[in-house]
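# Structural features, examined
Chain by chain, the residues:
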Amino acid sequence: MSLTIRRARPDEVPQIASLIRELAEYEKLSHEVEATEAMIADALFSASPRLFCEIAEWNGEAVGFAVWFLNFSTFAGRFGIYLEDLFVRPQYRGKGIGKALLAHLAKTCVENGWTRLQWAVLDWNEPSIAFYKSLGAVMMDEWTLCRVSGPALDALAAKG
């Protein structure tokens, strides 16, 4: 069996959209998916993309992905990667694919002199938490993730 990790191509937007929907279903968040294929294509493949996607192929079949963008540490004075989504189709888990995707992103950080690889995980996702810890990830329990979106975002923007 062979595993390949590579950058996504524009003709794979339908597959990427499918993986996003599968991830949302796994996370019980399907009701939050608004992204269209056109939106995904624009984000990943515009003239100056700010979003990137690595595809994991098992024997030539796309079975997982990592969607990421650059973040910045003002303390370190360097960029890093923020991993927005990591997903491997359930039937392909346990084959080292998730680990390979994370190792690929870690290598990208090291090669570019970036300071860290960072992501969030749902509290209830114990299998993923255990997996991440096994790779040396530190759970940042003292930090609380904040988000303003929808009507609250509109209201806050109106105050500015």
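These lines cover the structure that appears in this document, whether it is placed above or below. Everything quoted here is computed from the prediction, not taken from an experiment. (Residues numbered from 1 in each chain as written. Predicted model: local features only at pLDDT ≥ 70, side-chain atom pairs only at ≥ 80, totals over all residues. Heavy atoms only, no water.)

### Thoughts on a nonpolar patch on the surface
Side chains of Leu70, Phe72 and Phe79 sit close together on the surface and give an oily, nonpolar patch of about 270 Å² of accessible area. Mapped onto the fold, phenylalanine 79 is located in strand 4 (residues 78-88). Accessibility expressed as a relative area gives 40% for phenylalanine 79, which makes it partly exposed. (Patch = residues over 30% accessible without salt bridge, like charges linked within 9 Å, V, L, I, M, F, W, Y side chains within 5 Å. Areas by Shrake-Rupley, 256 points an atom, 1.4 Å probe, with all protein chains shown as cover. Salt bridge = Lys/Arg side-chain N within 4 Å of Asp/Glu carboxyl O. Helix = DSSP H or I, 4+ residues; strand = E, 2+ residues; numbered from the N terminus. Buried < 20%, exposed > 50% of the residue type's maximum accessible area, 1.4 Å probe, protein only.)

### A look at the packing of aromatic side chains
Taken as a whole, this structure holds 7 aromatic pairs when the rule is applied. Between tyrosine 26 and tryptophan 124, the ring centres sit 6.1 Å apart and the planes meet at 55°, which makes this aromatic pair tilted. Linking tyrosine 26 in helix 1 (residues 13-26) with tryptophan 124 in the loop between strand 5 (117-119) and helix 4 (126-134), this pair joins segments that are 98 residues apart in sequence. Ring-pair connections join several aromatic residues into one group, and the members of that group are Phe52, Trp68 and Trp114. Just above the ring of tryptophan 124 sits the side chain of lysine 28; from NZ or CZ to the centre is 4.2 Å. Here the guanidinium or amino end of arginine 93 rests over the ring plane of tyrosine 26, the centre of that ring lying 4.7 Å away. (Phe/Tyr/Trp six-rings, centres within 6.5 Å; stacked < 30°, edge-to-face > 60°. Lys NZ or Arg CZ within 6 Å of the ring centre and 35° of its normal.)

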